[in-house]
Amino acid sequence: MPKELGNVETKLQAMSYVLLCILQKLDEAQPRLITDVLNGVRADQEASLAQSPVAQPIFDEAIRFLERANQRKGI
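For every chain, the first residue of the written sequence is number 1, and numbering continues from 1 along that sequence. Residues qualify for local features only when their pLDDT is at least 70, as the model is predicted, and side-chain atom pairs are given and counted only at 80 or more; totals for whole chains, interfaces and linings, by contrast, use all residues. Remark: hydrogens and water are excluded; side-chain values derive from all non-hydrogen atoms of the structure.

### A look at helix α2 (residues 33-51)
Secondary structure is summarised from DSSP: a helix means a run of H or I of at least four residues, a strand means a run of E of at least two, and numbering begins at the N terminus for each. Under the convention used throughout, the expected extent of a helix is 1.5 Å for every residue step, that is, one less than its residue count. The end-to-end C-alpha distance of α2 is 28 Å, a good match for the 27 Å that 19 residues give at a rise of 1.5 Å each. Note on exposure labels: buried denotes an accessible area under 20% of the residue type's maximum, exposed denotes more than 50%, and partly exposed covers the range between, all computed with a 1.4 Å probe on protein chains only. Regarding α2, the residues found buried are Leu33, Ile34, Thr35, Leu38, Val41 and Gln45. Buried-residue contacts for α2 involve α1 (7-29) and α3 (56-71). A contact between two residues is defined here by any heavy atoms of the two lying within 4.5 Å.

Set out below in C-alpha cells:
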C-alpha cells in the first residue's frame, strides 16, 4: 500500500507540479528559458558555495527541479 502524503507534502507536490507546468509553457513561448534559468542557478550556486555551504541542498533541489522541467518538455 502506498504511503499517504501529509497535508504539507500534498501541497508542496501540487505546487511543484503547477510550477513545472508553468515553466514548460513559458519555455514554449520563450525557447531556452529553462536552460537559461538552470545555468543562472548553477552560477549562483558556485558563487554562494564559495561563501557558505549552508545553501547547498536548496541549490541541489532547484537544479533537480529545473533539469526535470527541461527533460519533460514536449511530453
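### Notes on a nonpolar patch on the surface
Each patch is built from residues that are more than 30% exposed by relative accessible area and take part in no salt bridge. Like charges join if they lie within 9 Å; nonpolar side chains (Val, Leu, Ile, Met, Phe, Trp, Tyr) join within 5 Å. Under the convention used here, a 1.4 Å probe and the Shrake-Rupley method define accessible areas, while residue burial counts only the protein chains that appear. One side-chain nitrogen of Lys or Arg within 4 Å of one carboxyl oxygen of Asp or Glu is enough to make a salt bridge. A surface patch of nonpolar side chains, about 470 Å² in accessible area, is lined by Tyr17, Val18, Leu19, Ile22 and Leu26. Relative to the helices and strands, Tyr17 is located in helix α1. What makes Tyr17 exposed here is its relative accessible area of 52%.

### So, α1
Helix length check: α1 (23 residues) gives 33 Å between terminal C-alpha atoms against 33 Å at 1.5 Å per residue, within 8%. Looking only at α1, the buried set comprises Ser16, Leu20, Leu23, Gln24 and Asp27.

### Some words on the environment of Arg68
Take Arg68: it is sitting in helix α3. What makes Arg68 partly exposed here is its relative accessible area of 34%. Along the backbone, Arg68 and Leu20 are 48 residues apart, and their C-alpha atoms lie at a distance of 8.4 Å. In this structure Arg68 touches Ser16 and Leu20, once residues within four positions along its chain are discounted.

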